[in-house]
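# Structural overview for review
Next come the chains, spelled out residue by residue.
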Amino acid sequence: SQGIIERDETPMEKEIARLHREHFEFSDIFYFCRKGFEAIVEDEVTQRFSSEELVSWNLLTRTNVNFHYISLRLTIVWVIGVIVRYCFLLPLRFTLAAIGITSMIVGTTMVGQLPNSSVKNYLSEVVHLTCSRILVRALSGTIHYHNKENKPQKGGICVANHTSPIDAVILTNDGCYAMVGQVHGGLMGVIQRATVKACPHVWFERSEIKDRHLVTKRLREHVADKSKLPILIFPEGTCINNTSVMMFKKGSFEIGGTIYPVAIKYDPQFGDAFWNSSKYNIVSYLLRIMTSWAIVCNVWYMPPMVRKEGEDAVQFANRVRSAIARQGGLTELPWDGGLKRAKVKDTFKEEQQKNYSKMLVRNGSIG
Amino acid sequence: VSHSQITRLYSRFTSLDKGENGTLSREDFQRIPELAINPLGDRIINAFFPEGEDQVNFRGFMRTLAHFRPIEDNEKNKDQNGPEPLNSRSNKLHFAFRLYDLDKDDKISRDELLQVLRMMVGVNISDEQLGSIADRTIQEADQDGDSAISFAEFVKVLEKVDVEQKMSIRFLH
């Protein structure tokens, strides 16, 4: 996406560097000053937590941020669009979604009654796939899957970039996964309880999530069992707006096993899939999705990756992240998606202070 | 500033305004991670808020940002009789001077200089060393011997620095 301002990327060292003596100059603050103002006008991070701007309008009011001039003809087209979307598409999609969710609950409960056997597993897969497909139709989803030969195998871990709760449905449309997540209440909870009877999904209680070792242990046990379906994890931990990939939490990469990276890129022209959870709750979000034109996306299955000798979890996570970003055409950001809600750590500021100090005082002496 | 630039800045202003009340508070600025990790972040944020106030509206926002307009922009509207534009070299320097001069007495005292230095180096330099650095800096710039830097002395020290380039932000369109 285009930027507003020209960012001056000269590193601190070059801009403040001096040829001979190390000392302080009043102009040193100019560097920090300008960087501060650049960040105020436009920063890399906060823009990722709001929807991507479109180059040309797609007739949805919600994306009409910068296009103000609307002629009469365009307005008429837009009104027709609204009628089509709200009066025709929405009820259709809602019905389909209701059918899909009901079948999921009923189907998995029934399959769950069977004793554990290969028949049960087969039926469970059928139910999950069918309901997933109904739900994708309910969103008018058009998905292109690339490189199907790299599809995640049993006993592996599938990692993907996260844009919306429907990411999971996009992937389960084409294969069966063991979902990982927190137990919710309400309708979601009903679905979770029903599906876990048919197929060993990994649902955690809220209290269990806090215990990282417990989480890792349970996932490790699941992965060790090669007959179990691959786990689906979104290591960013939160929804990002699909223009970049933020820091991957290392926890998923400490479990071991083979990682199957998947890149998901939505086409924003047909509908904005990003869930801005601070702005919209899940119901408004689903309503917006169901009144968009369609959900069009590309899914790339990538060759499996394993942790190399001497590579730690963080490096491995970064390596996988780069691969996904490159494949999906997304930028990579070293920032933590948690910054959506939490404050940034002081360590970054301390690092800048340290670097500046080095220029003032070298080898402990003042030049 | 062109119409589209103002629109974009207004868009930015509203996206920062989480309370949606048409003004920005200090917390709204601190939510920007790149600004929060800037050693001078707090001082920069303060520059937006007039004396004793906790909210800044869009007008105030633009006014402060105007200091960073590139000087070339002024060539188009040369108005000899009007007030000096906010982004003149002199006003840019004045802006920087005010970042140092916290008590607004038009002088940068040793303490004020030490405060800014301390913000920029964090815990990495001892008080004594920092004190020496401050002393030497003042000594070099101080011309009237009052152990403080006035605005005129400040300007003199920076006369060879390309202030226009360092304190400007260019729009892409």
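Residues numbered from 1 in each chain as written. Chains lettered and ligands numbered in written order. Predicted model: local features only at pLDDT ≥ 70, side-chain atom pairs only at ≥ 80, totals over all residues. Heavy atoms only, no water.

The criterion, for reference: UniProt positions are given in the numbering used here, feature names are shortened, and annotations may be inferred rather than shown by experiment.
Going by an unreviewed UniProt entry, chain B carries the name CHP1 protein and comes from Pedionomus torquatus. Among the UniProt annotations of chain B, the heading Sequence similarities (unreviewed entry) holds the following wording: "Belongs to the calcineurin regulatory subunit family. CHP subfamily."

As recorded by an unreviewed UniProt entry, chain A carries the name GPAT3 acyltransferase and is attributed to Pedionomus torquatus. Its UniProt record gives chain A the following Subcellular location (unreviewed entry) comment, quoted word for word: "Endoplasmic reticulum membrane". Within the UniProt record for chain A, the comment given under Sequence similarities (unreviewed entry) is "Belongs to the 1-acyl-sn-glycerol-3-phosphate acyltransferase family."

## Side note on the overall build of chain B
Definition in use: Segments assigned H or I by DSSP are reported as helices when at least four residues long, segments assigned E as strands when at least two residues long, and all are numbered from the N terminus. For every residue, the accessible area obtained with a 1.4 Å probe (protein chains only) is divided by the maximum for its type, and the residue is called buried under 20%, exposed over 50%, and partly exposed between those limits. In what follows, residue pairs with any heavy atoms lying within 4.5 Å of each other are defined as contacts.
Per the secondary structure count, chain B includes 10 helices and 4 strands. In chain B, the succession of α and β elements from N to C terminus is α-β-α-α-α-β-α-α-β-α-α-β-α-α. Taken along the three principal axes of its C-alpha coordinates, chain B extends 50 × 40 × 30 Å. Expressed as a percentage of the 173 residues in chain B, the buried residues total 47%. Across chain B, every contact between residues at least 6 apart in sequence was considered, and the portion connecting residues at least 24 apart equals 55%.

## A word on the overall build of chain A
Summing up its helical and strand segments, chain A has 11 helices and 9 strands in all. With the C-alpha coordinates of chain A rotated into their principal frame, the extents come out at 80 × 65 × 35 Å. Across the 367 residues of chain A, 49% fall into the buried class. Counted over contacts in chain A with a minimum sequence separation of 6, partners at least 24 positions apart contribute 75%.

## Considering the nonpolar core
We count it as follows: Residues enter a nonpolar core if they are buried and are Ala, Val, Leu, Ile, Met, Phe, Trp, Tyr or Cys, with the set joined through side-chain atoms within 4.5 Å. Start and end positions for the domains come from either an automated domain assignment or a database one.
If you look at the biggest cluster of nonpolar residues, it comprises 63 residues, and the most contacted ones within it are Phe24, Phe26 and Tyr356 of chain A together with Phe29 and Phe154 of chain B. For this core, the leading source of residues is helix 2 (residues 28-41) of chain A, giving 9 residues. Each of two domains, domain 1 (1-66) and domain 2 (86-162) of chain B, supplies a minimum of three residues to this core. With residues near it in sequence (within four places) discarded, Phe29 of chain B still touches Ile40 of chain A together with Leu24, Leu35, Ile45, Phe48, Phe49, Val56 and Phe61 of chain B. Judged by nonpolar contacts, the second largest core, of 42 residues, contains Leu232, Phe234, Trp275 and Val299 of chain A.

## Notes on the pairing of strand 1 (residues 141-146) of chain A
Residue and element names in this part refer to chain A. Short version of the rule: Strands were regarded as paired on the criterion that DSSP finds at least two bridges between them.
On strand 1, burial follows the alternation: Gly141, Ile143 and Tyr145 on one face are buried, whereas Thr142, His144 and His146 on the facing-out side are not. Of the pairings in the sheet, the one linking strand 1 to strand 8 (residues 295-301) comprises 6 bridges and is parallel in character. In the strand pairing of strand 8, His146 is matched with Trp300.

## Some details on the environment of Ile295 of chain A
Residue and element names in this part refer to chain A. Position of Ile295 relative to the elements: it lies in strand 8. For Ile295, a relative accessible area of 2% translates into the label buried. Beyond its immediate sequence surroundings of up to four residues, Ile295 is in contact with Leu139, Ser140, Gly141, Thr142, Ile166, Tyr266 and Ile289.

## A look at the packing of helix 11 (residues 346-360) of chain A against helix 7 (residues 110-121) of chain B
Rules: Angles run from 0 to 180 degrees between N-to-C directions of axes, and those axes are lines fitted to C-alpha atoms, restricted for helices to the stretch in contact. Each residue is assigned to one of three groups, with Ala, Val, Leu, Ile, Met, Phe, Trp, Tyr, Cys and Pro labelled nonpolar, Asp, Glu, Lys and Arg labelled charged, and all others, Gly among them, labelled polar.
Two elements in contact, helix 11 of chain A and helix 7 of chain B, have axes separated by 7 Å at closest approach and are oriented at 120°. Contacts between helix 11 of chain A and helix 7 of chain B involve Gln353, Tyr356, Ser357 and Leu360 of chain A on the former and, on the latter, Leu117, Met119, Met120 and Val121 of chain B. Looking at the contact of helix 11 of chain A with helix 7 of chain B, its residues break down into 6 nonpolar, 2 polar and no charged.

## Some thoughts on the interface of chain B and chain A
The criterion, for reference: Buried area: the sum, over both parts, of the accessible surface (1.4 Å probe) that disappears when the two are put together. The term salt bridge refers to a pairing of a side-chain nitrogen on Lys or Arg with a carboxyl oxygen on Asp or Glu at a separation within 4 Å. In protein, a polar contact requires one atom able to donate a hydrogen and another able to accept it; more generally it is a pair of N or O atoms within 3.5 Å, and residues adjacent in sequence count only if both atoms are side-chain atoms.
The interface is formed by 60 residues belonging to chain B together with 54 residues belonging to chain A. Together, the buried faces of chain B and chain A total about 5,000 Å²; carbon and sulfur atoms form 69% of this surface. By the criterion of area lost to chain A, the three top residues of chain B are Arg8, Glu34 and Ile37 of chain B, representing 14% of everything that side buries. For the interface between chain B and chain A, the tally reads 1 salt bridge. Linking Arg12 of chain B and Asp43 of chain A is a salt bridge whose minimum nitrogen-to-oxygen distance equals 2.9 Å. Counting every contact that joins chain B to chain A gives 10 residue pairs in polar contact (both at pLDDT 80 or more). For the side of chain B that touches chain A, the element with the highest residue contribution is helix 8 (residues 127-141) of chain B, accounting for 7 residues.

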